Amino acid sequence: MNPYIIIPVIVAANFLPVPFILLFLRPVEDFLRRWPFWANLMDHIFEHTRTKTQKRIERWESLALILFVAVPLPVTGAWTGSLAAYLFALDFKKSLFFIFVGVCIAAAVVTTAVMAGITWFL
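Residues numbered from 1 in each chain as written. Predicted model: local features only at pLDDT ≥ 70, side-chain atom pairs only at ≥ 80, totals over all residues. Heavy atoms only, no water.

Engineer: Looking at this structure, I do not really get the overall build of the chain. What am I missing?
Structural biologist: Looking only at helices and strands, the chain has 5 helices and 0 strands in total. In the chain, the succession of α and β elements from N to C terminus is α-α-α-α-α. Taken along the three principal axes of its C-alpha coordinates, the chain extends 50 × 30 × 25 Å. Within the chain, the fraction of its 122 residues that count as buried is 28%. (Helix = DSSP H or I, 4+ residues; strand = E, 2+ residues; numbered from the N terminus. Buried < 20%, exposed > 50% of the residue type's maximum accessible area, 1.4 Å probe, protein only.)

So, in structure tokens, the structure goes:
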């Protein structure tokens, strides 16, 4: 496969859902908050997440989001990075840019590893 064709397709496919995820989470949250169980659960999650890490995120928001998305490990990536950007109420346009940069770095890391013949899970 030609990496000059495959890499842009992979980056685009990975990034394509990100704007929809960022935009869709607010209506989902509003819908779930109609029920006390979900409202209490989300209050707890948002409060716990923001109080524990808000100062660090405010200081390092761009680098933190880029690195979180760029690390090619399970439970990291563009979709989870979108959730993190929503949880921390980061700016929509900045989040899109930082997540895109992270996806590009992840694509470069994984492509380099594959081309070098590195096998992690064999």
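Moving on from the coordinates now.
Engineer: Honestly, a nonpolar patch on the surface in this entry has me stumped. Any pointers?
Structural biologist: Residues Phe31, Trp35, Phe37, Trp38, Leu41 and Ile45 make up a contiguous nonpolar surface patch of about 580 Å² in total accessible area. No other element matches helix H3 (residues 36–70), which puts 4 residues into the nonpolar patch. If you trace the backbone, phenylalanine 31 turns up in helix H2 (residues 18–32). Classification of phenylalanine 31 by relative accessible area gives partly exposed; the value is 40%. (Patch = residues over 30% accessible without salt bridge, like charges linked within 9 Å, V, L, I, M, F, W, Y side chains within 5 Å. Areas by Shrake-Rupley, 256 points an atom, 1.4 Å probe, with all protein chains shown as cover. Salt bridge = Lys/Arg side-chain N within 4 Å of Asp/Glu carboxyl O.)

Engineer: Just checking my understanding: could you explain the packing of helix H1 (residues 3–15) against helix H5 (residues 92–115) for this structure?
Structural biologist: To characterise two packed helices, one gives the angle between the axes of the helices and the distance between these axes. One can describe the packing of H1 onto H5 by two numbers: an axis separation of 10 Å at closest approach and a directional angle of 140°. In this view, H1 runs oblique relative to H5, as classed from their interaxial angle. As for the relative orientation of H1 and H5, their crossing is right-handed in sense. Where H1 abuts H5, its residues Pro3, Ile7, Val11, Asn14 and Phe15 lie against Leu96, Ile99, Phe100, Val103, Cys104, Ala107, Thr111 and Met115. (Axes fitted to C-alpha atoms, helices over the stretch in contact; angles between N-to-C directions. Parallel < 35°, antiparallel > 145°, perpendicular 65-115°, else oblique. Left-handed = near helix turned anticlockwise from the far one by under 90°. Contact = heavy atoms within 4.5 Å.)

Engineer: I would appreciate a short explanation of the environment of isoleucine 21 in the present structure.
Structural biologist: Following the sequence through the fold, isoleucine 21 ends up in helix H2. The spatial distance from the C-alpha of isoleucine 21 to the C-alpha of tryptophan 79 is 7.4 Å, given a sequence separation of 58 residues.

Engineer: Explain the pattern of salt bridges to me, please; I cannot follow it from the model alone.
Structural biologist: Where charged atoms from two side chains of opposite charge approach closely, those side chains can pair. Applying the stated criterion to the full structure yields 4 salt bridges. Measuring nitrogen to oxygen at the nearest pair gives 3.8 Å for the salt bridge that ties aspartate 30 to arginine 26. In this pair, aspartate 30 and arginine 26 both sit in helix H2, 4 residues apart, roughly one turn of the helix. Looking at aspartate 30, the relative accessible area reads 42%, which means it is partly exposed.

Engineer: Just checking my understanding: could you explain the packing of aromatic side chains for this structure?
Structural biologist: How two aromatic rings sit relative to each other is set out by the distance from centre to centre and by the angle between their planes. One pass over the full model with this rule turns up 5 aromatic pairs. Taking the centre distance of 5.3 Å and the plane angle of 75° together, the rings of phenylalanine 15 and phenylalanine 100 count as edge-to-face. With a gap of 85 residues between them, phenylalanine 15 in helix H1 and phenylalanine 100 in helix H5 connect regions that are remote in the sequence. We classify phenylalanine 15 as buried; its relative accessible area is 17%. Relative to tryptophan 38, the ring of phenylalanine 37 lies with its centre 5.1 Å away and its plane at 80°, an arrangement referred to as edge-to-face. (Phe/Tyr/Trp six-rings, centres within 6.5 Å; stacked < 30°, edge-to-face > 60°.)

Engineer: What am I meant to see in H5 here?
Structural biologist: Owing to its 3.6 residues per turn, the α-helix aligns residues three or four sequence positions apart on the same side. The end-to-end C-alpha distance of H5 is 34 Å, a good match for the 34 Å that 24 residues give at a rise of 1.5 Å each. Of the positions making up H5, those classed as buried are Ser95, Leu96, Phe98, Ile99, Gly102, Val103, Ala106, Ala107 and Ala113. Two or three places before lysine 93, at the opening of H5, aspartate 91 has a side-chain oxygen 3.5 Å from that residue's backbone nitrogen. Glycine 117 lies just past H5 and shows a positive phi near 85°. (Expected span 1.5 Å × (residues − 1). Polar contact = N/O pair within 3.5 Å; in protein donor to acceptor, adjacent residues only side chain to side chain.)

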